[in-house]
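Each chain, letter by letter, is given below.
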Amino acid sequence: MIRKEGKARWVYTCELCRVLAAHPDHFRAIEQQQAHEGTIEHATKPMADALGIFAESLTEMANAFVDTIASALKPLTDALATPPNVPHDPSLLRDRRKWGGR
Ligand SMILES: [Zn+2]
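A quick note: this is a predicted structure, and the numbers were derived from the prediction, not measured.

**What about the side chain of His-36?**
Right, on to step 1. Of note, His-36 is situated in helix H1 (residues 26–37).
Right, on to step 2. When its relative accessible area of 10% is taken as the criterion, His-36 is described as buried.
Right, on to step 3. A polar atom in the side chain of His-36 sits 3.1 Å from the side chain of His-42.
Right, on to step 4. Leave out the neighbours within four places in its chain, and His-36 touches Tyr-12, Cys-14, Cys-17, Val-19 and His-42.

Here you go:
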C-alpha cells in the first residue's frame, strides 16, 4: 500500500512482509511496490507462513505420537530388558573377590 504521509514523503508498506519504505515521490514508491511484489519472498510469504504453522502442528503431532508409542512400548521394553547381573545365590554376593572389595 502506498500512502502520502507528508510533503515529498510517499511511504510504501507491505503489511504481509512488514516492509516499510519512504520515497520523495509517488513514482519511486510505485517502483518500490512493483519491485517488492515481484520478489520470491513476497510471492511465497503466505505459503511460508502457512507452512510454518503446519510445520509447528506437525512437530506437535509427531511429539505426541512418539510419546504415545513410547508409553505403549514401556512394558515391552521392561520385559525385554536384560536382568541385572546379580547372582541368585546370596552367598555369592558376599564373595568379595568377585563382587567388589578386596
Ligand atoms: Zn510483501
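More follows now that the structure is in view.
**Thoughts on the sheet that holds strand E3 (residues 19–23)**
Right, on to step 1. Pairing is antiparallel across the open sheet formed by three strands, whose spatial order is E1-E2-E3. Both edges of this open sheet fall to strand E1 (2–6) and E3, since each of them pairs with a single strand only. In this sheet, neighbouring strand axes are inclined to one another by 25° on average, regardless of whether the strands run parallel or antiparallel.
Right, on to step 2. Here E1 runs beside strand E2 (residues 9–14); their pairing, made up of four bridges, is antiparallel.

**Considerations on the domain arrangement of the chain**
Right, on to step 1. Looking at the chain, the domain boundaries give domain 1 (1–38) and domain 2 (40–76).
Right, on to step 2. The interface is formed by six residues belonging to domain 1 together with four residues belonging to domain 2.
Right, on to step 3. Between domain 1 and domain 2 the total buried area reaches about 470 Å² when both faces are included, carbon and sulfur atoms providing 69% of it.
Right, on to step 4. Sorting the residues of domain 1 by area buried against domain 2 places Leu-16, Cys-17 and Glu-37 first, and these three jointly supply 71% of that buried surface.
Right, on to step 5. Between domain 1 and domain 2 we count one residue pair in polar contact (both at pLDDT 80 or more) in total.
Right, on to step 6. Grouping the constituent residues of the side of domain 1 that touches domain 2 by class yields three nonpolar, two polar and one charged.

Rules behind the numbers
Residues numbered from 1 in each chain as written. Predicted model: local features only at pLDDT ≥ 70, side-chain atom pairs only at ≥ 80, totals over all residues. Heavy atoms only, no water. Helix = DSSP H or I, 4+ residues; strand = E, 2+ residues; numbered from the N terminus. Buried < 20%, exposed > 50% of the residue type's maximum accessible area, 1.4 Å probe, protein only. Polar contact = N/O pair within 3.5 Å; in protein donor to acceptor, adjacent residues only side chain to side chain. Contact = heavy atoms within 4.5 Å. Pairing = 2+ DSSP bridges. Axes fitted to C-alpha atoms, helices over the stretch in contact; angles between N-to-C directions. Domains from an automatic or database assignment. Buried area = accessible area lost by both parts, 1.4 Å probe. Nonpolar A, V, L, I, M, F, W, Y, C, P; charged D, E, K, R; others polar.

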